[in-house]
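Structure at a glance
One letter stands for each residue in the lines below.
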Amino acid sequence: QVQLVESGGGLVQPGGSLRLSCAASGFTFSIYDMGWYRQAPGKQRELVAVSTRGGSTNYADSVKGRFTISRDNAKNTVSLQMNSLKPEDTAVYYCNANHRVLPNYWGQGTQVTVSS
């Protein structure tokens, strides 16, 4: 049974930090690109960051320099360190496992709210 379980969301003040984690099971984690997406109310889901199976990372322009994605293939986890958070970062954040050929998977999402 495939599972992607996110944790670490919550309420934080502007300028603060949060670390999201995603624990994966039920598939071969190391051969997947692992990403974080987010969806704000009334907006489309957007890619935040991705860690490819080859070891590279990519970020949305809006989070470059503030967010860092990392993965641990031994533990089947992917994390998103979010610093200097802004109110516009408020969204539900989703963990995603993507493969060009194999099925793709999504977590249930975790709420991040940036507000004073």
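The residue numbering used here restarts from 1 in each chain and proceeds along that chain's sequence as written. Totals for whole chains, interfaces and linings use all residues, but because this is a predicted model, local features are given only for residues with pLDDT of at least 70 and pairs of side-chain atoms are given and counted only at 80 or more. Only hydrogens and water are set aside; all other atoms, that is, all heavy atoms of the structure, feed into the side-chain values.

Counting from the N terminus, the helices are DSSP H or I runs at least four residues long and the strands are E runs at least two residues long. Relative to the elements of secondary structure, Arg38 occurs in strand E4 (residues 33-39). Classification of residues uses two cut-offs on accessible area relative to the type maximum, computed with a 1.4 Å probe and protein chains only: under 20% is buried, over 50% is exposed, and between them is partly exposed. A relative accessible area of 6% means that Arg38 is categorised as buried. We define a polar contact as two N or O atoms separated by no more than 3.5 Å, with the added condition that, inside protein, one atom must be a possible hydrogen donor and the other a possible acceptor, whereas residues neighbouring each other in sequence contribute only through side-chain atom pairs. A polar atom in the side chain of Arg38 sits 2.7 Å from the side chain of Glu46. Here Tyr93 takes part through its side chain, which lies 2.9 Å from a polar atom of the side chain of Arg38. Any pair of residues with heavy atoms lying within 4.5 Å of one another is described as a contacting pair. Residues contacting Arg38, with those up to four places away along its chain left out, are Gln44, Arg45, Glu46, Val48, Ser62, Val63, Phe67, Glu88, Asp89, Ala91, Val92 and Tyr93.

The next point concerns the nonpolar core. Within the largest apolar cluster, 28 residues are counted, with the highest numbers of intra-cluster contacts made by Trp36, Leu80, Met82 and Tyr93. For this core, the secondary-structure elements that each account for two or more residues are strand E3 (18-25), E4, strand E5 (46-51), strand E7 (67-72), strand E8 (77-82), strand E9 (91-98) and strand E11 (110-114). To define a nonpolar core, start from buried Ala, Val, Leu, Ile, Met, Phe, Trp, Tyr and Cys residues and group those joined through side-chain atoms within 4.5 Å.

Read from one edge of the open sheet, 4 strands run E1-E3-E8-E7, paired in antiparallel fashion. The open sheet has two edge strands with one neighbour each: strand E1 (3-7) and E7. Taken pair by pair, the neighbouring strands of this sheet meet at an average axis angle of 15 degrees, ignoring direction. Criterion used throughout: strands pair if DSSP finds at least two bridges between them. Sheet analysis places E1 next to E3, joined by 5 bridges and oriented antiparallel. Note on E3: the bridge partner recorded for Ser7 is Ser21. A fitted line through C-alpha atoms serves as each axis, taken over the contacting stretch for helices, and the angle formed by two N-to-C directions is quoted from 0 to 180°.

Next up on the list: the environment of Arg38. Between the alpha carbons of Arg38 and Asn76 there is a distance of 21 Å; along the sequence they are 38 residues apart. A distance of 3.4 Å separates a polar atom in the side chain of Arg38 from a polar atom in the side chain of Ser62. A distance of 2.9 Å separates polar atoms of two side chains, one belonging to Arg38 and the other to Asp89.

Attention now moves to the pattern of salt bridges. Between Lys or Arg on one side and Asp or Glu on the other, a salt bridge is scored when a side-chain nitrogen of the former is within 4 Å of a carboxyl oxygen of the latter. By the definition in use, this model includes 4 salt bridges. Across the salt bridge formed by Arg38 and Glu46, the nearest N and O atoms sit 2.7 Å from each other. Note on Glu46: relative accessible area 35%, which makes it partly exposed. When the shortest N-O distance is used, the salt bridge between Lys64 and Asp61 registers 3.1 Å. Summarising the burial analysis for this pair, Lys64 and Asp61 share the class exposed. The network of salt bridges with common partners includes Arg38, Glu46, Arg66 and Asp89.

Distances and angles like these do not, on their own, reveal function.
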